[in-house]
Amino acid sequence: MDEFERIDEIRARLTHGGPSAASIRLGVGDDAALLSPSAYAQALSVDTAVEGVHFRLDFGPPERLGRRAMMTAASDLAAMGARPRCCLSSLVLPDSFADDSLLRLVDGIARAARELDMPVVGGNLSRGARLSITTTVVGELLGPALTRSGARPGDVLYLSGPLGEPALGLRVLLERPEDAIRMDACVRAWFDLRPAIDEGMNLVGHATACIDVSDGFAQDCLHLLRASGVGARVQLDELPRAPGFE
């Protein structure tokens, strides 16, 4: 397909009929998207997934990689306690990336957009040496934002779910793909990431600080502690792990 045919196909696949679509005045197809005014503060974040750095094309179907890229970006909204509103998706495509693979990738992006009620309102297509998926997300804060800097002495440190399973799944895919079937739960945990949107929104007004644990517990915990100017005692034996993780 030429560039215009690609854009037409992508636009058709990104059609979104969820509740959030009502606040989009103009979506994919023009020089910029237009959003209706909102009474709420807007939360914005951007995330990039690069072939050879964050994933490999032989990991699995393109649609699963597309969905995961969207979900990873939306996880930052969850950590702020924000409700997804819309997003933009920018793709850098190598010459070897077939049209069929592109459309399957977009199908995965569209699936994530429907699951999150976060319509894709624009983006960009470009050529490059390797596949790159950049997602910019926009969310709304229905209350005060959850930031990294609000923790105080006496607070209790909580995790919203088990640690390490997606990272172990990625390690299997990278280093021991022959074990992928045996370690299927971990591999699926990496692919089928679900941002904790509801959990984040429910914490607003209750939690004093919050952070998305995507770079590992120790590193992200330290980011929160430094931002808040506090320390923490961590009970290692109480850190939640998936069954069989050890």
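K.L.:
Mind showing me how you'd approach helix α4 (residues 165-175) here?
P.N.:
An α-helical turn contains 3.6 residues, so a residue and the one three or four places further along point in the same direction. All buried positions along α4 are accounted for by Glu165, Gly169, Val172 and Leu173. All buried residues of α4 project into a common sector of 95° when viewed along the axis, lining one side. Across from the buried face of α4, at angles greater than 90 degrees, the exposed residues are Ala167 and Glu175.

K.L.:
Before we go on, may I ask you to explain the confidence of the model for the protein in this structure?
P.N.:
Any segment with low pLDDT has predicted coordinates that should not be analysed in fine detail. Predicted confidence across the protein gives a mean pLDDT of 94, with 100% of residues reaching 70 or more. Taken element by element, the protein is modelled with least confidence in helix α1 (residues 3-13), mean pLDDT 89, and with most confidence in strand β6 (residues 132-141), mean pLDDT 98.

K.L.:
Explanation requested: the side chain of His16 in the structure shown.
P.N.:
The topology assignment puts His16 in the loop between α1 and β1 (24-26). His16 sits in the buried class, given a relative accessible area of 15%. Side chain to side chain, His16 and Asp117 meet in a polar contact 2.9 Å long. Apart from the residues lying within four places of it in its own chain, the contact partners of His16 are Ala21, Ala113, Arg114, Asp117, Met118 and Pro119.

K.L.:
Is there a simple way to explain unusual backbone geometry in this structure?
P.N.:
Of note, Asp117 is a non-glycine position whose phi angle comes to about 50°, a positive value. By the element assignment, Asp117 lies in the loop between α3 (99-116) and β5 (120-127). On the accessibility criterion, Asp117 (18% relative accessible area) is buried.

K.L.:
Explanation requested: the pattern of salt bridges in the structure shown.
P.N.:
A side chain of one charge can pair with a side chain of the opposite charge when the charged atoms of the two come close. What the rule picks out here adds up to 17 salt bridges. Between Glu140 and Arg83 there is a salt bridge, and its shortest N-O distance comes to 2.7 Å. On the criterion of sequence distance, the pair formed by Glu140 in strand β6 and Arg83 in strand β4 (residues 83-93) is long-range, its members being 57 residues apart. Take Glu140: its relative accessible area is 8%, and that puts it in the buried class. Its salt-bridge partner being Asp179, residue Arg176 comes within 2.7 Å of it at the nearest N-O pair.

K.L.:
What exactly am I supposed to notice about empty space enclosed by the protein here?
P.N.:
Summary: where empty space remains is shown by rolling a probe the size of a single water molecule over the atoms. Overall, the coordinates contain 1 cavity of 30 Å³ or more when judged by the stated rule. Arg13, Leu14, Thr15, His16, Ala110, Ala113 and Arg114 together form the lining of the largest cavity. Class assignment for the residues of the lining of the largest cavity results in 3 nonpolar, 2 polar and 2 charged.

K.L.:
Got a minute to help me understand the layout of surface pockets in this structure?
P.N.:
For the second largest pocket, the calculated volume is near 510 Å³. Lining the second largest pocket we find 23 residues, and of these Val28, Gly29, Gly122, Gly123 and Asn124 sit closest to its centre. Sorting the residues of the lining of the second largest pocket by element identifies α1, β4, α3 and β5 as the ones contributing at least two each. No other element matches the 6 residues that β5 contributes to the lining of the second largest pocket. Here the lining of the second largest pocket is built from residues that sort into 13 nonpolar, 6 polar and 4 charged.

So, how was this worked out
Residues numbered from 1 in each chain as written. Predicted model: local features only at pLDDT ≥ 70, side-chain atom pairs only at ≥ 80, totals over all residues. Heavy atoms only, no water. Buried < 20%, exposed > 50% of the residue type's maximum accessible area, 1.4 Å probe, protein only. Helix = DSSP H or I, 4+ residues; strand = E, 2+ residues; numbered from the N terminus. Arc of directions from axis to C-beta. pLDDT = per-residue confidence, 0-100. Polar contact = N/O pair within 3.5 Å; in protein donor to acceptor, adjacent residues only side chain to side chain. Contact = heavy atoms within 4.5 Å. Salt bridge = Lys/Arg side-chain N within 4 Å of Asp/Glu carboxyl O. 1 Å grid on protein atoms, 1.4 Å probe; cavity = no way out; pocket = protein on both sides within 12 Å on 5 of 7 lines; lining within 4 Å. Points joined across faces, edges and corners; volume = space filled by probe spheres on them. Nonpolar A, V, L, I, M, F, W, Y, C, P; charged D, E, K, R; others polar.

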